Amino acid sequence: MLGGVPEWQINRDAKLTQRDGRIQEGVKILRAGQEIPRDIATEIVDSSARQIVDGIEARRWTATVVLLVFIQRAIAMHEEGINAITEPLFKKAFATAQQLDEQFDKTGELAGPLHGIPVSLKDQLQFVGVDHSIGFTHKINHPAREDASIVRTLKAAGAVPFVKTNVPQTMLSFECRNPLFGPTKNPYNLERVPGGSSGGEGAMLGSDASPLGIGSDIGGSLRIPAHYSGCFSLKPCYGRISIIGTQSVNPGFLAVQGTLGPMGRSVDDLAIASKVMFDDSVSDKARLEGVVPLPFRDVELPNKLKFGYYLNDGLCRASPACQRAIRETIAALEKQGHECVEIFPPDLVESLELFVALTSSGGYEILLSHLEGDPQESSMFLVTLGPSVPSFVRRIAAYFVENWVGDHAFARLLRASCYKSVNEMQGWQHKKHLYAKKFRQEVFGELGLDGIICAPQATPALKHGETKFLSPLSIATVTYNIVDCSVGSIPVTFVDPEKDAVGDDFLKQGEPGSLLVEKRVYGNGKGVYDPVAMKGLPVGIQLVGEYMEDEKVLKMMKVVDDALGPRGFGPGDDDIEGDQRAPHNSGDSAPVDLDVLEQLGLVPRAGIDEDEVSRIAKQRDYKNQDEIKVSREGLGELYEEKLKGFFREHMHEDEEIRYIREGAGYFDVRDKKDARWIRIAVTPGDFLVLPPGIYHRFTLDDSNYVKALRLFKDEPKWVPHDRSAETDKNPYRQEYVDKVLKAVA
């Protein structure tokens with residue numbers, strides 16, 4: 001303690017100052033760099049990793065231009081308060097990108113399949129010359145002496161690591177908060193967590209701030225962030241990718257083995273990264289590191305696949321939103337001719353019981369020893385509670401929970417969470433091997449499944465702090481670490497309050513596995529699952545394959561992704577074919593802050609009546625009005641084309657004034673940096689004025705209907721001017737930039 005200030009706080013402040021300084025280095029690089037036309041920047045962000053490389057090879061853009069675009073995205077995300085970045089690598093990345101461009105100019109040959117792709121790295125991966133603190137304040141100022149093996153592999157393939165990202169304390173949580181860097185926030189709603197432990201990666205990819213990321217997984221750390229933050233991930237089986245050079249909080253623990261894996265914005269992103277990493281398994285480097293020598297395999301799928309699915313993991317029923325994601329996936333697959341059957345896997349609670357028993361065998365002493373004075377985060381409370389209480393107290397608590405509460409599942413977990421002797425530990429490991437054998441035989445062997453479709457967790461993203469008592473929800477992912485299956489994560493839909501409410505039909509679905517857990521999740525309408533508060537959050541699925549079938553899982557993920565079709569995820573998800581009628585967040589956190597809209601020159605009024613509209617019209621001298629109706633029935637064959645026109649980014653030379661009488665829709669406007677979209681949902685009673693010169697777009701919601709009142713003064717100038725370099729010179733646009741954007745920048 002120095003002057004009454006704890007050492008951990010001194011270290012934290014020093015580290016954050018260092019990080020913010022390096023972010024400013026990125027700002028300087030952007031200011032000194034070339035000006036990138038907006039259409040090029042948009043096209044890069046809207047491209048998959050493979051498409052970005054193709055664009056470099058075709059000389060449509062350079063590695064340097066690509067990097068600048070994603071540095072800008074990453075800094076904008078950081079300034080919005082998402083807080084995913086731990087180590088900005090902008091200076092080194094910029095030098096690397098320039099070297100790649102020079103090499104390509106001289107030889108005309110790409111450095112590798114990831115040439116020029118900016119890659120974000122989970123903080124635990126060593127990067128030479130940079131800290132790998134993983135959120136512990138005492139680990140600052142200890143830069144890595146060499147790159148992690150996977151970082152060397154990525155660099156050799158032409159990738160450009162440009163940031164490291166945040167993790168939860170000890171990486172045994174899905175909260176993504178630590179005393180050093182603080183909380184990382186969900187890009188769809190800042191009040192919620194992005195998942196963990198690869199939460200920083202989920203936030204980066206979910207906000208289009210990175211085109212490709214690398215995370216790790218020992219209990220769901222690749223899959224929960226993908227589900228919470230709306231991106232894709234692959235958990236390969238242990239041994240496919242070298243873990244040399246990754247920081248661990250529990251070195252020597254091998255009872256459940258973690259693995260590294262790719263995270264991306266499309267299945268193709270995962271495939272291109274996986275091929276690079278798997279092909280490296282036969283290199284001399286990998287041979288010395290104990291990697292399974294198994295290069296990427298091209299697999300052929302049968303025309304008709306057989307999928308099993310389940311809606312209840314035995315501890316907590318999947319929420320209506322998560323069940324809907326599963327059912328929509330099943331319906332899409334059946335429509336394509338695939339077979340889907342409901343299954344009941346062997347005692348899934350046993351898999352979590354095994355995980356708890358094995359990870360707690362040392363009382364978490366090694367894990368918690370890394371805190372060294374750091375305050376323990378609340379997300380660690382239930383995880384580490386068992387061994388911290390006397391054995392007789394734990395036994396009494398388990399007896400009470402089982403016999404008085406009637407919660408047999410939770411009692412099993414309480415009994416399993418304790419110190420163990422070497423012999424007891426060995427016994428639990430044997431039980432784990434027997435469980436994995438039984439699972440594979442009964443599910444994949446006897447049922448003949450190609451894959452399993454299930455929820456990555458019972459609910460969509462939780463709020464900060466809600467994970468304190470809900471760590472058992474990780475059962476949904478932990479099972480497949482115990483069995484060691486290849487698992488992919490796919491975003492499917494968004495929470496819809498009307499479709500995803502907790503109704504009587506849901507409550508009658510069998511018996512809850514854990515009364516205590518389900519009460520906290522759903523209890524009497526006061527649980528953490530709240531589809532109204534969760535509106536617009538992403539909802540994903542897990543696609544589980546057999547042991548060492550990573551390539552087959554990738555192929556099946558593509559089948560599922562294609563069957564589901566465009567739905568608001570992936571590169572360019574703001575510009576998917578058709579419209580954006582699915583409820584989702586286009587960039588900033590929800591709900592929309594009216595003060596932010598007013599700073600952008602808008603006049604928003606929520607839930608007003610027509611008398612108030614008349615008063616506003618009189619105050620603003622709107623002399624005229626008319627009514628506009630847009631619907632599929634009214635426009636017929638022209639509907640889709642008309643909606644596409646509304647959704648093109650454009651501006652008007654006059655105010656656009658709308659009062660919604662019936663139906664609903666979305667206006668999207670650019671933020672104060674004229675970069676990310678802010679989505680504004682408008683429903684009956686909402687009034688909105690958009691100023692001249694503001695770039696925006698409009699679409700209906702999935703009701704496909706709106707009736708709105710339009711107000712104007714004399715002859716309105718409502719001709720749409722699509723965004724272009726020429727429109728940027730329009731005097732109304734320039735006036736808006738000068739008077740509004742520059743004032744709030």
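Predicted, not measured: the structure shown is a model, and the values here were computed from it.

Peer 1: Which parts of the structure should I look at to understand the overall build of the chain?
Peer 2: If you tally the helices and strands in the chain, you get 27 helices and 23 strands. Over its C-alpha atoms the chain spans a radius of gyration of 26 Å, differing by no more than 12% from the 27 Å that the globule rule assigns to 745 residues. Projected onto the principal axes, the alpha-carbon positions of the chain cover approximately 85 × 70 × 65 Å. Within the chain, buried positions represent 59% of all 745 residues. Partitioning the intrachain contacts of the chain with sequence separation of at least 6 by distance along the chain shows that 81% fall at a separation of at least 24. Put simply, the chain has 87 plus and 107 minus side-chain charges, and the middle of one group is 3 Å from the middle of the other.

Peer 1: What's the story with the pairing of strand S20 (residues 687-690) in this structure? I'm lost.
Peer 2: Side-chain positions along a regular strand alternate between the two faces of the sheet. Burial along S20 is two-sided: Phe 687 and Val 689 facing one way and Leu 688 and Leu 690 facing the other are all buried. The pairing of strand S14 (residues 603-605) with S20 spans three bridges and is antiparallel. By the bridge assignment for S20, Pro 604 is matched with Leu 688. Note that strand S17 (residues 656-663) and S20 share four bridges and pair antiparallel. What sits directly across from Arg 658, in S20, is Leu 688.

Peer 1: Sorry if this is basic, but what is going on with the environment of Ala 49 here?
Peer 2: Of note, Ala 49 is situated in helix H3 (residues 49-57). Taking C-alpha positions, Ala 49 is 7.8 Å from Asp 268, a pair spaced 219 residues apart along the chain. Here Ala 49 is in contact with Ile 117, Asp 269 and Ile 272, once residues within four sequence places are set aside.

Peer 1: Help me understand the side chain of Ser 361, please; the structure alone is not making it clear to me.
Peer 2: Locating Ser 361 in the fold gives a position in the loop between helix H12 (348-359) and helix H13 (365-369). Owing to a relative accessible area of 12%, Ser 361 belongs among the buried residues under this scheme. In this structure the side chain of Ser 361 is engaged in a polar contact, spanning 3.0 Å, whose partner is the backbone oxygen of Leu 358. Not counting residues within four places of it along the chain, the set of residues in contact with Ser 361 comprises Cys 418, Tyr 419, Lys 420 and Met 425.

Peer 1: How do you make sense of the sheet that holds S20 when you look at a structure like this?
Peer 2: In a beta sheet, neighbouring strands pair by backbone hydrogen bonds and run either parallel or antiparallel. Pairing in this open sheet of five strands is antiparallel, and the strands run S14-S20-S17-S22-S15 from one edge to the other. Strand pairing shows two members of the sheet lacking a second neighbour, S14 and strand S15 (624-631), which therefore form its edges. The sheet shows a mean angle of 20 degrees between the axes of neighbouring strands, direction not considered.

Peer 1: What am I meant to see in helix H15 (residues 391-405) here?
Peer 2: Every α-helix winds through 3.6 residues per turn, so residues three or four apart in the chain are directed the same way. Compared with an ideal rise of 1.5 Å per residue, which puts 15 residues at 21 Å, H15 spans 20 Å between its outermost C-alpha atoms and is within 8% of the ideal. Within H15, burial applies to Arg 394, Ala 398 and Val 401. Taken down its axis, H15 places every buried residue within 65 degrees of arc, on the same side. Exposed side chains of H15 directed beyond 90 degrees from the buried face belong to Arg 395, Ile 396, Tyr 399 and Trp 404. Where the residues of H15 are buried, they touch helix H14 (381-388), helix H16 (408-416) and helix H20 (515-522). Once H15 ends, the next one or two residues include Gly 406, with phi positive near 85 degrees.

Peer 1: How do you make sense of the packing of helix H1 (residues 7-32) against helix H5 (residues 90-107) when you look at a structure like this?
Peer 2: How two helices pack is summed up by the angle between their axes together with the distance between the axes. Interhelical geometry of H1 versus H5 gives an angle of 40 degrees and a closest axis separation of 8 Å. Each of Arg 22, Ile 23, Glu 25, Gly 26 and Ile 29 in H1 lies in contact with H5, whose residues at this interface are Phe 90, Lys 91 and Phe 94. The class makeup of the residues in the contact of H1 with H5 is four nonpolar, one polar and three charged.

Peer 1: Can you walk me through unusual backbone geometry in this structure?
Peer 2: What is expected of a backbone is that most residues other than glycine have negative phi and most peptide bonds are trans. In the segment running from Gly 196 into Ser 197, the intervening peptide bond is cis, with an omega of 10 degrees. Along the chain, the position of Ser 197 falls in the loop between strand S5 (182-183) and helix H7 (199-206). Unusually for a residue other than glycine, Tyr 364 sits at a positive phi of about 60 degrees. Along the polypeptide, Tyr 364 turns up in the loop between H12 and H13. For Tyr 364, a relative accessible area of 6% gives the class buried. The phi torsion at Glu 372 lies on the positive side, around 40 degrees, for a residue other than glycine. Relative to the elements of secondary structure, Glu 372 occurs in the loop between H13 and H14.

Peer 1: Teacher, can you tell me more about the sheet that holds strand S10 (residues 339-342) here?
Peer 2: Spatial strand order, S1-S3-S2-S6-S8-S7-S12-S13-S11-S9-S10: 11 strands in an open sheet with mixed pairing. The sheet is open, and its two borders are formed by strand S1 (85-88) and S10, each paired with just one other strand. Put simply, the sheet's adjacent strands are angled 30 degrees from each other on average, direction ignored. Pairing of strand S2 (residues 118-122) with strand S6 (residues 212-217) involves two bridges; the strand directions are parallel. Within S6, the position partnered with Ser 120 by the bridge is Gly 213. Its contacts with the sheet place H5 against S1 and strand S3 (160-165), and it is angled at close to 160 degrees to S3.

Peer 1: What is the right way to look at the nonpolar core in this model?
Peer 2: Proteins that are soluble and globular tend to have nonpolar side chains buried together. Ranked by size, the top nonpolar core spans 164 residues in total, and within it Ile 150, Phe 162 and Ile 452 carry the most contacts. Leu 597, Ile 660, Phe 667 and Leu 688 belong to the second largest nonpolar core, which has 22 residues in total.

Peer 1: Just checking my understanding: could you explain the pattern of salt bridges for this structure?
Peer 2: Two side chains bearing opposite charge may form a pair once their charged atoms approach each other closely. In the structure shown here, the tally under the stated rule is 44 salt bridges. When the shortest N-O distance is used, the salt bridge between Lys 275 and Asp 279 registers 2.7 Å. In this pair, Lys 275 and Asp 279 are both assigned in helix H9 (residues 267-279), four residues apart and thus about one turn of the helix distant. Overall, Lys 275 belongs to the partly exposed group, its relative accessible area being 41%.

Peer 1: Please explain the state of the cysteines as it appears in this structure.
Peer 2: Simply put, the disulfide is a covalent bond whose two ends are the sulfur atoms of two cysteines. Tallied over the entire structure, the rule returns zero disulfides. Lacking any disulfide linkage, Cys 176 is separated from the closest cysteine sulfur, that of Cys 231, by 12 Å. For Cys 176, a relative accessible area of 0% puts it in the buried group.

Peer 1: For this particular structure, what's the right way to read H9?
Peer 2: With 13 residues, H9 should reach 18 Å at 1.5 Å per residue; the first-to-last C-alpha distance of 18 Å fits that figure. In terms of burial, H9 is largely enclosed, as 10 of its 13 residues are buried. Those residues of H9 hidden inside the fold are in contact with H3, helix H6 (149-156), S6, strand S7 (232-235), strand S8 (259-264) and helix H21 (550-564).

Conventions adopted
Residues numbered from 1 in each chain as written. Predicted model: local features only at pLDDT ≥ 70, side-chain atom pairs only at ≥ 80, totals over all residues. Heavy atoms only, no water. Helix = DSSP H or I, 4+ residues; strand = E, 2+ residues; numbered from the N terminus. Rg over C-alpha atoms; globule rule 2.2 N^0.38 Å. Buried < 20%, exposed > 50% of the residue type's maximum accessible area, 1.4 Å probe, protein only. Contact = heavy atoms within 4.5 Å. Lys, Arg positive; Asp, Glu negative; His and termini not counted. Charge placed at Lys NZ, Arg CZ, Asp CG, Glu CD. Pairing = 2+ DSSP bridges. Polar contact = N/O pair within 3.5 Å; in protein donor to acceptor, adjacent residues only side chain to side chain. Axes fitted to C-alpha atoms, helices over the stretch in contact; angles between N-to-C directions. Expected span 1.5 Å × (residues − 1). Arc of directions from axis to C-beta. Nonpolar A, V, L, I, M, F, W, Y, C, P; charged D, E, K, R; others polar. Core = buried A, V, L, I, M, F, W, Y, C linked by side-chain atoms within 4.5 Å. Salt bridge = Lys/Arg side-chain N within 4 Å of Asp/Glu carboxyl O. Disulfide = S-S within 2.5 Å.

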